Amino acid sequence: MNVARPEPGLTLPVDTLGCFARSFRFPGLTDALVFVFDLGGHLDVERLAASLELAVTRHHPVAGAQIERFGGLFYRWRCRPFEARAYLHGAYAEPRTFDLIREPPLRVHVGTGSLAFEMSHVAFDAVGFARVVRTVLEQYDAFPRILEPAVDEVRLRREGRLYAPRPADVKRNPGRRFVDPGSGRTVARSADPIVRTGIAGARGTLHHHVVLPLGVIREAARVGAVTINDWLAAAALTAYTEWNASHGSRARFASIDLPANLRPTDRSTLVAANVTGTFTLNLDLGARIGRYATFAEILAAVRTAKADADRDHRAWSMAPRWPVRTHPTEVGVWVGRALTRLMGDALLTLGPTLLLSNFGLLDGLVGRFGDLELSRLRVEGSAYPSWTLDAVSPSRSELTLSFCVRKSHFSASTLAEFAGLVEERALSPCKS
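Read on for a plain summary of the structure.

Quick look at the overall build of the chain now. Assigned secondary structure in the chain consists of 9 helices and 17 strands. Per-residue burial over the chain gives 54% buried out of 432 residues.

Okay, the sheet that holds strand E4 (residues 74-79) next. Taken in spatial order, the 3 strands make up an open sheet running E1-E4-E3, and their pairing is antiparallel. Every interior strand has two partners, whereas the edge strands, strand E1 (11-12) and strand E3 (65-70), have only one. Both E1 and E4 contribute to a ladder of 2 bridges, which runs antiparallel. Opposite Thr11, over in E4, you have Arg78 as the bridge partner.

Okay, helix H2 (residues 45-59) next. Look at H2: 20 Å from first C-alpha to last across 15 residues, which is about the 21 Å you get at 1.5 Å a residue. Here H2 has its buried residues at Leu48, Ala49, Ser51, Leu52, Leu54, Ala55, Val56, Thr57, Arg58 and His59. Buried residues in H2 make contact with strand E5 (88-89), strand E6 (106-111), strand E7 (114-120), helix H3 (126-142) and helix H4 (153-158). Among the residues of H2, the N-terminal cap falls to Asp44, whose side-chain oxygen and the backbone nitrogen of Glu46 are separated by 3.1 Å.

Overall, the coordinates contain 13 aromatic pairs when judged by the stated rule. Relative to Phe359, the ring of Phe35 lies with its centre 6.2 Å away and its plane at 35°, an arrangement referred to as tilted. Of this pair, Phe35 sits in strand E2 (residues 32-41) while Phe359 sits in strand E13 (residues 354-361), and the two are 324 residues apart along the sequence. Here Phe124 and Phe129 contribute two aromatic rings whose centre-to-centre distance is 6.4 Å and whose plane-to-plane angle is 25°, an arrangement assigned as stacked. Above the face of the Tyr140 ring, Arg47 is positioned so that its terminal group lies 4.6 Å from the ring centre. Between the NZ or CZ atom of Arg107 and the centre of the ring of Phe98, over which it lies, the distance is 3.7 Å.

Our next topic: the packing of H2 against H3. Relative to each other, H2 and H3 sit at 125°, their axes nearing to 8 Å. Relative to H3, the element H2 lies oblique. As for the relative orientation of H2 and H3, their crossing is right-handed in sense. Between H2 and H3, the residues in contact are Arg47, Leu48, Ser51, Leu52, Leu54, Ala55 and His59 and Thr135, Val136, Gln139, Tyr140 and Asp141, respectively. Each residue belonging to the contact of H2 with H3 can be placed in one class, and the counts come to 6 nonpolar, 4 polar and 2 charged.

Here we take up the nonpolar core. Counting 65 residues, the largest nonpolar core has Trp387, Leu401, Phe403 and Phe418 as the members making the most contacts within it. Of all the elements, helix H6 (residues 228-246) adds the most residues to this core, at 10 residues. The contact partners of Phe418, leaving out residues within four places of it in the chain, are Ile194, Ala239, Tyr240, Trp243, Trp387, Phe403 and Phe410. Ranked by size, the runner-up nonpolar core spans 50 residues in total, among them Val14, Phe37, Phe129 and Leu372.

Time to look at the environment of Ile217. By the secondary structure assignment, Ile217 is in helix H5 (residues 214-223). The spacing of Ile217 and Cys430 is 213 residues in sequence and 7.3 Å in space, taken between C-alpha atoms. Look past the residues within four positions of Ile217 in its chain and what remains in contact with it is Leu212, Ile228, Trp231, Leu399, Ala426, Leu427 and Cys430.

Further remarks concern H5. Those residues of H5 that sit buried are Leu214, Ile217, Ala220 and Ala221. An end-on view of H5 places all buried positions within 135° of arc, on one side of the element. Every exposed residue of H5 that faces more than 90 degrees away from the buried side is listed here: Arg222 and Val223. Phi turns positive, to about 55°, at Ala225, one or two residues after H5.

By the element assignment, Thr276 lies in strand E12 (residues 276-284). There is a polar contact of 2.6 Å between the side chain of Thr276 and the side chain of Asp125.

Judged by pairing direction, the sheet is mixed, and its 6 strands sit side by side in the order E10-E17-E16-E13-E11-E12 without closing on themselves. At either margin of the open sheet sits one strand with a lone partner, and together these are strand E10 (205-213) and E12. With strand direction ignored, the average angle separating the axes of adjacent strands in the sheet is 20°. For strand E16 (residues 387-393) and strand E17 (residues 398-406), the ladder comprises 6 bridges, and the chain directions are antiparallel. In the strand pairing of E17, Ala391 is matched with Leu401. Relative to E13, H6 is tilted by about 150°, and along the sheet it contacts strand E11 (253-261), E12, E13, E16 and E17.

In this section: the pattern of salt bridges. Two side chains that carry opposite charge are able to pair once their charged atoms sit near each other. Using the criterion set out here, one finds 26 salt bridges in the structure. Notably, a salt bridge pairs Arg378 with Asp38, separated by 2.8 Å at the nearest N-O pair. You can see Arg378 sitting in strand E15 (residues 372-380) and its partner Asp38 sitting in strand E2, a full 340 residues away along the chain. Salt-bridge contacts for Asp312 lead to Arg311; the nearest nitrogen and oxygen are separated by 3.5 Å. Each of Lys171, Asp308, Arg311, Asp312 and Arg314 takes part in one network of salt bridges that share partners.

Turning our attention to the pairing of E17. Across the 9 residues of E17, 8 count as buried, placing the element largely inside the fold. Between the antiparallel neighbours E16 and E17 lie 4 residues.

What counts, and where the lines are drawn
- Residues numbered from 1 in each chain as written.
- Predicted model: local features only at pLDDT ≥ 70, side-chain atom pairs only at ≥ 80, totals over all residues.
- Heavy atoms only, no water.
- Helix = DSSP H or I, 4+ residues; strand = E, 2+ residues; numbered from the N terminus.
- Buried < 20%, exposed > 50% of the residue type's maximum accessible area, 1.4 Å probe, protein only.
- Pairing = 2+ DSSP bridges.
- Expected span 1.5 Å × (residues − 1).
- Contact = heavy atoms within 4.5 Å.
- Polar contact = N/O pair within 3.5 Å; in protein donor to acceptor, adjacent residues only side chain to side chain.
- Phe/Tyr/Trp six-rings, centres within 6.5 Å; stacked < 30°, edge-to-face > 60°.
- Lys NZ or Arg CZ within 6 Å of the ring centre and 35° of its normal.
- Axes fitted to C-alpha atoms, helices over the stretch in contact; angles between N-to-C directions.
- Parallel < 35°, antiparallel > 145°, perpendicular 65-115°, else oblique.
- Left-handed = near helix turned anticlockwise from the far one by under 90°.
- Nonpolar A, V, L, I, M, F, W, Y, C, P; charged D, E, K, R; others polar.
- Core = buried A, V, L, I, M, F, W, Y, C linked by side-chain atoms within 4.5 Å.
- Arc of directions from axis to C-beta.
- Salt bridge = Lys/Arg side-chain N within 4 Å of Asp/Glu carboxyl O.

Put into structure tokens, the structure is as follows:
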């Protein structure tokens, strides 16, 4: 396929106003998501730089763009001349906020025994970012042969065809509104957070990673007639109820936010952009299934709530109603900054109990690429709610759960203890 190579100076629309506003969240948090690999074999840095140039300029031009203001209040992406030093950095330490006025939304960290790709959520969602990383690795493996792009991302973005067709009957997300199923009366307007076991007022995030056997989880979900996502959500909520109860804290109103890929099915993993919707599941664990609910009861509640959300197409409730052909304005940025400054951590009360992102099976991200070998993929980022759980399957044998939590809610020791509880709840039903 012959796709024109974007030249420096090319301008493109920013995906959505909401995506750009995401970079203005809370003090001490970032807009970054990181894929970290263990590195084996031999890494040729010059070959990596050449592969980056080809991946960015021929396949994913937004990865080499910067935000610029134009027309007074508007924003757009502008592609810059490629310079390897703008992408290659030293060993990865922790996620850092991107200054997209001065740098592209992609960093590559080369360390001793590790390779990390870091992206800005303003430019990519997790699926789009995985596409960029896979392209770089495939080009590295094929080099000096030059790979052709699978799709023309410039054309898709300019024609407003990043999203699948919007369903006609989209229903609103419930927010944090918990409703009694009998009377229809609102019984709560906020979710119960995971109990605090960290340092009060601490800024920043902690990470912990657990590897599960994908085949075991997949088979258990199949037998239970649920998705892997349902299974993981039930395991996480079961651990949450037990954890809060053991620390004398309520765990009745549980709210989960789940991102959803809104790309067309024929391009579901091909386009590097931010094309994600989010829907919410609100579960009254006290009124419906008892305070000390079992895994099976919570799984049934999750499955029912998920079916309702799917039927109502709630993942589309915050997505644009029309194709994205215009540029967002600075007004949204002003609003985002004002909210974070005025309310700060008070906004946490409006957040979910858990943000659960399942990236799915991301084949082609671990293994051998020439003389380079990558293994043990894990995800790191910044927690908007007190507790974020990212699930990724870098191969057909492993499922990695990456816990990202606020330091104000967990210490390193309590996070390890809690992660072990989630692992145990995910696997213990598989043994019965």
